[in-house]
Amino acid sequence: MKPILQNLVEMTGHRDHLRLEVSVLSTLQTLSGIVEVRALELFTVDGVAHVRPRSWVEDGQLVSTDSEAAADPRRETLEKYPALRDCVASQGDSALASPRRGRHVLWLPVWMHDKVTTCLEITQSRAFSAHKLEVLKGVFQVYQNYQSLLDYSERDALTGLFNRKTFDEQFSRHALNGLSSGRPGTVTESLPPEEGSQPGEPVQQWLAVVDIDHFKQVNDRFGHLYGDEVLILIANILRSSFRSHDRIFRFGGEEFVVLLRSTTLSTAHKVFNRFRLAVQEYNFPQVGQVTVSLGFVSTMQGSPVEILGQADQALYYAKEHGRNQVCFYDDLVASGQLAAKVANDDVELF
């Protein structure tokens, strides 16, 4: 039991979901008789449920991927995993199957907010004994409980989006390396060209700062209860406007931040304007029409504080020149409408 306890101590020392996932797989792999351990990601493409490996063993090392699930060539339909499919459909806590002789598989879905997006898969050469199942489920329960605690600490209480603390942690780690994890044992895959992109147009990562126009007037006129409802509805529109592997944060007040992954500039313009129009066309109860302003910038150059500052500059230009529009920082600088600021470490000179 001592090695398991030591691994559990190490596992719960992580403050990152993917690191925690890799750690629990490492813990499970130390148990005798285990042939293979994987963390599977469950997701939907065009209404069809799929599954793909997100963390697994390769050449004796645990590796993970943070690439877009829908573009992963390893993805399979959930129909190919009938025991897991039935377990998820019945909201079960585990599933067992023996797909072929000498291959026995246990699936442990991770339930969060009544949904499953992750499942641990444990394979061994002989059938699972009652004692082995008890140990595996005990380790898994510690992992699932800690995942829930991490998720709670990362979220904004009102909207359920990631909070400012989470942004600071994630962006400082990911901004300069294309939002990959920046860790050994992680693979990042390129994505296919996007519809509507120009031939040869580079794929980049983008940071956008979003601000609700005249939000103070909403609170003053209708009260904070309706103001909170506007924030919740804007958060819902944000979720539906971006992909599952993009990241959305509430900075506090009426300000949000979006990290848009692996797309071209022309597509970024389209996606951000589509979101802006979705807000404009939404009929908010009691309040009526609400609009947003948005400034965005590439994350490929500059430090995190510079990148965030540039997006903020583009946002405030949008708000000072009519609101309800999307502004790209580089375009504003190129046209002379904004002056690039000079940064010196943590001190910014204007």
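Residues numbered from 1 in each chain as written. Predicted model: local features only at pLDDT ≥ 70, side-chain atom pairs only at ≥ 80, totals over all residues. Heavy atoms only, no water.

Colleague: Explain the sheet that holds strand β11 (residues 255-263) to me, please; I cannot follow it from the model alone.
Modeller: In sheet architecture, strand pairing relies on hydrogen bonds along the backbone and comes in two forms, parallel and antiparallel. Read from one edge to the other, the open sheet built from five strands follows the order β10-β11-β9-β12-β13, with strand pairing classed as mixed. Only two strands of the sheet have a single partner each, and these edge strands are β10 (247-252) and β13 (326-328). Here the strands of the sheet are splayed against their neighbours by 20° on average, with no regard to which way each runs. As defined by bridge partners, β10 adjoins β11 across five bridges and the pair is classed as antiparallel. Its bridge partner being in β11, G252 is matched across the sheet by E255. Contacts from helix α8 (residues 265-280) reach β9 (204-212), β11, β12 (292-298) and β13, with the element oriented near 165° to β12. Strands β9, β10, β11, β12 and β13 of the sheet are contacted by helix α9 (residues 304-320), whose axis makes an angle of about 145° with β12. (Pairing = 2+ DSSP bridges. Helix = DSSP H or I, 4+ residues; strand = E, 2+ residues; numbered from the N terminus. Axes fitted to C-alpha atoms, helices over the stretch in contact; angles between N-to-C directions. Contact = heavy atoms within 4.5 Å.)

Colleague: What is the right way to look at the environment of N236 in this model?
Modeller: Considering the arrangement of structural elements, one finds N236 in helix α7 (residues 224-241). Separated by 77 residues in sequence, N236 and T159 have C-alpha atoms that sit 8.2 Å apart.

Colleague: Sorry, what's going on with the packing of α7 against α8 here?
Modeller: Two numbers describe a pair of packed helices, the interaxial angle and the distance between the axes. Closest axis-to-axis distance for the α7/α8 pair is 10 Å, and the angle between their directions is 145°. Crossing geometry of α7 relative to α8 is assigned as right-handed. Across the interface between the two elements, I234, I237, L238 and S241 from α7 touch V271, R274, F275, A278 and V279 from α8. Broken down by class, the residue content of the contact of α7 with α8 amounts to seven nonpolar, one polar and one charged. (Left-handed = near helix turned anticlockwise from the far one by under 90°. Nonpolar A, V, L, I, M, F, W, Y, C, P; charged D, E, K, R; others polar.)

Colleague: Sorry if this is basic, but what is going on with the packing of aromatic side chains here?
Modeller: When we look at a pair of aromatic rings, we describe it by the centre distance and by the angle of the planes. Scanning all chains against the criterion turns up 13 aromatic pairs. With 6.2 Å between their ring centres and 45° between their planes, F140 and Y143 make a pair best called tilted. Residue F140 and its partner Y143 are both found in helix α4 (residues 130-154); the two are separated by three residues, about one turn of the helix. Judged on exposure class, the residue F140 and its partner Y143 are both buried. Seen from their ring centres, F167 and F171 are 5.1 Å apart, and the 20° between their planes marks the pair as stacked. Here F167 and its partner F171 are both found in helix α5 (residues 164-174), four residues apart, which amounts to about one turn of the helix. Like F167, the residue F171 is buried in the burial classification. Among the aromatic residues, ring-to-ring pairing joins W206, F242, F272, F275, F296 and F328 into one connected group. When the ring centre of F162 is taken as reference, the NZ or CZ atom of R155 above it lies at 4.2 Å. (Phe/Tyr/Trp six-rings, centres within 6.5 Å; stacked < 30°, edge-to-face > 60°. Buried < 20%, exposed > 50% of the residue type's maximum accessible area, 1.4 Å probe, protein only. Lys NZ or Arg CZ within 6 Å of the ring centre and 35° of its normal.)

Colleague: In this structure, what is going on with the pairing of strand β7 (residues 115-124)? I would like to understand it.
Modeller: A large share of β7 lies buried, amounting to eight of its ten residues. Where strand β1 (residues 34-45) and β7 come together, seven bridges link them in antiparallel fashion. When the sheet's bridge partners are listed, E41 is paired in β7 with T118. Examined bridge by bridge, strand β6 (residues 103-112) and β7 share nine bridges and lie antiparallel to one another. Looking at the pairing, V110 lines up with T118 of β7. Joining the antiparallel neighbours β6 and β7 is a turn of two residues, in which H113 adopts a positive phi near 55°.

Colleague: Even after reading the chapter, I still don't get the confidence of the model for the protein, so can you show me in this structure?
Modeller: Fine structural detail should not be taken from predicted coordinates in areas where pLDDT scores are low. Mean pLDDT over the protein works out to 86, with 85% of the residues at or above the 70 mark. No element of the protein has a lower mean pLDDT than strand β8 (residues 186-187), which averages 42, and none a higher one than β13, which averages 98. Here residues 176-196 scores under 50 on pLDDT; set against residues more than four positions off or in separate chains, the count is 45 contacts. (pLDDT = per-residue confidence, 0-100.)

Colleague: I tried to follow helix α2 (residues 17-29) on my own but got confused; where do I start?
Modeller: Helical geometry: 3.6 residues make up each α-helical turn, so side chains three or four residues apart lie on a common side. Over its 13 residues, α2 extends 18 Å from the first C-alpha to the last, a length consistent with the 18 Å expected when each residue adds 1.5 Å. Taken as a whole, α2 has its buried residues at L18, L20, E21, S23, V24, L25, T27 and L28. (Expected span 1.5 Å × (residues − 1).)

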